[in-house]
Amino acid sequence: MSNVIRAAALRGYDKVMSDLGFEATTLLVQSGLGADALVDEDALLPIIAVCRLLEMSSDIAGCPDLGLRIARHQDFGVLGVLGLALQNASTPKQASSIVARFMFIQGSALRFRVETPSPIDPEAIAIVLDLDVPVGVPHRQATELLLGMGFQLGRLRSAHRTHIKSVSLPHSVGPNLAKHRSFFGVPVHENQPMAAMHIWASDWNRPVPDGNPRLHRLVEDYLTKTFPTPTTNLTEKVEMVLRPLIGTPQANREDVARMLVLHPRTLHRRLREENTSFQQIKDDIRRDMAARYLTNTDVTLDQLTTLLGFPEQSALSRACRKWFSMPPGAMRRNRSPAAGNTIS
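Reading the values: the criteria
- Residues numbered from 1 in each chain as written.
- Predicted model: local features only at pLDDT ≥ 70, side-chain atom pairs only at ≥ 80, totals over all residues.
- Heavy atoms only, no water.
- Axes fitted to C-alpha atoms, helices over the stretch in contact; angles between N-to-C directions.
- Helix = DSSP H or I, 4+ residues; strand = E, 2+ residues; numbered from the N terminus.
- Parallel < 35°, antiparallel > 145°, perpendicular 65-115°, else oblique.
- Left-handed = near helix turned anticlockwise from the far one by under 90°.
- Contact = heavy atoms within 4.5 Å.
- Nonpolar A, V, L, I, M, F, W, Y, C, P; charged D, E, K, R; others polar.
- Core = buried A, V, L, I, M, F, W, Y, C linked by side-chain atoms within 4.5 Å.
- Buried < 20%, exposed > 50% of the residue type's maximum accessible area, 1.4 Å probe, protein only.
- Phe/Tyr/Trp six-rings, centres within 6.5 Å; stacked < 30°, edge-to-face > 60°.
- Pairing = 2+ DSSP bridges.
- Salt bridge = Lys/Arg side-chain N within 4 Å of Asp/Glu carboxyl O.
- Expected span 1.5 Å × (residues − 1).

### A look at the packing of helix 11 (residues 234–242) against helix 14 (residues 278–296)
Here is step 1 of the chain: One can describe the packing of helix 11 onto helix 14 by two numbers: an axis separation of 10 Å at closest approach and a directional angle of 55 degrees. Here helix 11 is positioned oblique relative to helix 14, judged by the angle of their axes. In terms of crossing hand, the pair formed by helix 11 and helix 14 is right-handed. Counting all contacts with helix 11, which are made through Thr 235, Val 238, Glu 239 and Leu 242, the residues of helix 14 involved are Phe 278, Ile 281, Lys 282 and Ile 285.
Here is step 2 of the chain: For the contact of helix 11 with helix 14, the class distribution of residues is five nonpolar, one polar and two charged.

This is the structure we're talking about:
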């Protein structure tokens, strides 16, 4: 089943396209979504079709910052009741925690994680936003929309605005950098391993004055009762814990077992019962990340070697030959012309 995203994420798309001189309905039909796709904001849209719509619209309109323009039309209402909880969170940490728990309500394609400290700034904590799309599907505009939406919501809360130190993008925006800086109003780091907002670590637990703790607790209780977290098997839990650790010394069975409150032998036995192993999960994550970075970003091979936790580039090359029957350089050369402009 294809991953999906709520139609609310495209709020403002028709207005932006109209301002650019294009008919949104025609493009919706051409993308395969249908003319009425955005009528019901709770409708779940295939993420592949949404990515196709945004990339096609960006190309046709000659608008490389389309995702950010749409994000300007977002507010807490886009997230429904989750937005109400987020709007009344008392600290950036509490806001991130509620999003991490209930992001799935907005669609199965969305990924959210926190990295402490930020891999590119030791003074910051990274809030990483990502989309789970098949390898080779261009999704730069969709990911910039997601990042822009997160930033826009932070900007709407004046108390959170100053917590954001910088943002990062895993590609070069070239001559469009000024537009991105204008939108974010903070330094924009190009060609980085992730699309993320980087929050001052010193502000992570600092209370903000405009939150309503009582309302936040009421909404969180409602969310917990109404939207129980989807159950996952151990393989999926290991993948969730391990994926952000890839490339770090903690990406080993013992550390992951400790995070899951399991003995390493118990972890090994239960994974074997699910017909897999820790090493197989790790290899699968590495293969998926390698494919996405090589076909969708401009991250260098040296950077990718470090990101995947290989000791040297030759090890990455051997792994790519095993996985894809070609070295990483050849994979990158064979990608589609549009792929170099996308985000993983």
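### Let's talk about the nonpolar core
Here is step 1 of the chain: Ranked by size, the top nonpolar core spans 72 residues in total, and within it Leu 10, Tyr 13, Leu 54 and Phe 184 carry the most contacts.
Here is step 2 of the chain: Listed in part, the 31 residues of the second largest apolar core include Ala 251, Leu 271, Leu 304 and Cys 320.

### Regarding the packing of aromatic side chains
Here is step 1 of the chain: Under the defined criterion, the tally for this structure stands at six aromatic pairs.
Here is step 2 of the chain: Taking 6.4 Å as the distance between ring centres and 50 degrees as the angle between the ring planes, the aromatic pair formed by Phe 310 and Trp 323 counts as tilted. Here Phe 310 is found in the loop between helix 15 (301–307) and helix 16 (313–324), whereas its partner Trp 323 is found in helix 16, with 13 residues between them in sequence.
Here is step 3 of the chain: Accessibility expressed as a relative area gives 14% for Phe 310, which makes it buried.

### Description of the sheet that holds strand 3 (residues 110–115)
Here is step 1 of the chain: One open sheet holds the five strands; their spatial order is 3-4-7-5-6, and the pairing between them is mixed. Two strands lie at the open edges of the sheet, namely strand 3 and strand 6 (188–189), each paired on one side alone.
Here is step 2 of the chain: Here strand 3 runs beside strand 4 (residues 124–131); their pairing, made up of six bridges, is antiparallel. Its bridge partner being in strand 4, Arg 113 is matched across the sheet by Val 128.

### Describing the pairing of strand 4
Here is step 1 of the chain: Strand 4 sits mainly inside the fold: eight of its eight residues count as buried.
Here is step 2 of the chain: In this structure, strand 4 lies alongside strand 7 (residues 196–200), joined through five bridges in antiparallel fashion. Its bridge partner lying in strand 7, Ile 125 is registered against Ile 199.

### Quick notes on unusual backbone geometry
Here is step 1 of the chain: A cis amide bond, omega -5 degrees, links Thr 116 with the succeeding residue Pro 117.
Here is step 2 of the chain: Looking at where Pro 117 falls in the secondary structure, it is placed in the loop between strand 3 and strand 4.
Here is step 3 of the chain: Despite not being glycine, Asn 275 shows a phi value in the positive range, around 60 degrees.
Here is step 4 of the chain: Within the fold, Asn 275 resides in the loop between helix 13 (264–273) and helix 14.
Here is step 5 of the chain: Although it is not a glycine, Ser 325 adopts a positive phi angle of roughly 60 degrees.

### Here we look at the pattern of salt bridges
Here is step 1 of the chain: According to the stated counting rule, one finds 20 salt bridges in the structure shown.
Here is step 2 of the chain: With its nearest N and O atoms 3.2 Å apart, the salt bridge here joins Asp 221 to Lys 225. Of the two residues, Asp 221 and Lys 225 are both situated in helix 10 (residues 213–226); the distance of four residues between them amounts to about one turn of the helix.
Here is step 3 of the chain: For Asp 221, a relative accessible area of 37% translates into the label partly exposed.
Here is step 4 of the chain: Notably, a salt bridge pairs Arg 258 with Asp 255, separated by 2.3 Å at the nearest N-O pair.

### With respect to helix 16
Here is step 1 of the chain: Between its first and last C-alpha atoms helix 16 spans 16 Å; for twelve residues at 1.5 Å apiece the expected length is 16 Å, and the two agree.
Here is step 2 of the chain: Where helix 16 is concerned, the buried positions are Ala 315, Leu 316, Ser 317, Ala 319, Cys 320, Trp 323 and Phe 324.

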